[in-house]
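Chain by chain, the residues:
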Amino acid sequence: MTKTMTLAVDVAAYCEVDLPYDTVMTESNLKAIARQVFSDYTYKGVSYSFDPDWSTEGALRIVSAKQGRDVVAEGVPVEPCHHDAGTEFVSWLNGSQSLEQAIEASEAMLNERDRGVIEAHRGTFKLPGAEAIEVDFECRKGATKEEKDLAFFSALADLGTVDYLCIGEIKRDYVVCVGGTPGEGWLTQPSDEQHPDTVIVTTDSDMVARFDTREQACERRDALAAAHPSREFRVATLDC
């Protein structure tokens, strides 16, 4: 019986793009250029690539481990990473754990790296039509955005209380996307007359092939990737 394990690490990759002198340097235009480079790896006829900076390597994790066709482990962190603090913060926002649990888990992760000099910050929380709230907080010098978010909202929560009310349920199916980002569309099922590995793309959510579990979607993705090595497939979720 074949046994395999897929590992992953996070690493920053950089791409320097030469912009024409007449480029409109607005945020919306720069974002459009960035999306084109990221999806096509070309801009104005010039090819580009993202070069990894291995000095930023971290967050070793087990993506999946299989024994035959059975998945025995999936998404298992091996080494803590300070970026996980942002994940803990999000888990507090969606109500899956208390703020105290999120802070304790994040502090354990952040202690893995040198916190160095502590900086004082002042953050502003704004909602449309409401008065802005200013909050002072502290975090280490050189902190990431995720670390600042956690420290800021921790201080903000001290000013009041946060309650959660369930207003409904949303079921999400797993789907296979064809192409990179943003991609060509979603995979739909071939007809009985077509080969099972035929790739048919749709942008109609009613026509998309849906899977109940991620494992089923991954099996379909892997089969298509083997049959069409020149094309890109990825698994995503879609609301019912």
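Residues take numbers from 1 onward in each chain, read along the sequence in its written order. Reporting of local features is limited, given that this is a predicted model, to residues whose pLDDT is at least 70; pairs of side-chain atoms are given and counted only at 80 or more, and all residues count toward the totals for whole chains, interfaces and linings. Values shown for side chains rest on all heavy atoms present in the structure; no hydrogens or waters enter the calculation.

*Asks:* Account for the sheet that holds strand β8 (residues 172-178), naming residues and giving values.
*Replies:* Strands are treated as partners if at least two bridges between them are detected by DSSP. Counting from the N terminus, the helices are DSSP H or I runs at least four residues long and the strands are E runs at least two residues long. Pairing is antiparallel across the open sheet formed by four strands, whose spatial order is β10-β9-β8-β11. Each edge of the open sheet is held by one strand with a lone partner, namely β10 (200-202) and β11 (233-239). Going across the sheet, the axis of each strand differs from the next one's by a mean of 55°, ignoring polarity. Pairing between β8 and β11: seven bridges, direction antiparallel. Bridging from a neighbouring strand, Cys177 pairs with Arg234 of β11. Throughout, a residue-residue contact means that at least one pair of heavy atoms, one from each residue, lies within 4.5 Å. Helix axes are fitted only over the stretch in contact, all axes being lines through C-alpha atoms; the angle between N-to-C directions runs from 0 to 180 degrees. Where helix α5 (residues 214-227) meets the sheet, it contacts β8, β9 (185-188) and β11, and its direction lies at approximately 145° from that of β11.

*Asks:* Give me the lowdown on the side chain of Asp173, citing residues and values where you can.
*Replies:* Tracing the backbone through its elements, the reader meets Asp173 in strand β8. Classification of Asp173 as buried rests on a relative accessible area of 7%. In this structure the side chain of Asp173 is engaged in a polar contact, spanning 3.2 Å, whose partner is the side chain of Arg210. Partly exposed residues are those whose accessible area sits between 20% and 50% of the maximum for their type, while under 20% is buried and over 50% is exposed, using a 1.4 Å probe and protein chains only. Definition of a polar contact: a pair of N or O atoms within 3.5 Å, with one able to donate and the other able to accept a hydrogen when the atoms are protein atoms, and with sequence-neighbouring residues admitted only if both atoms are side-chain atoms.

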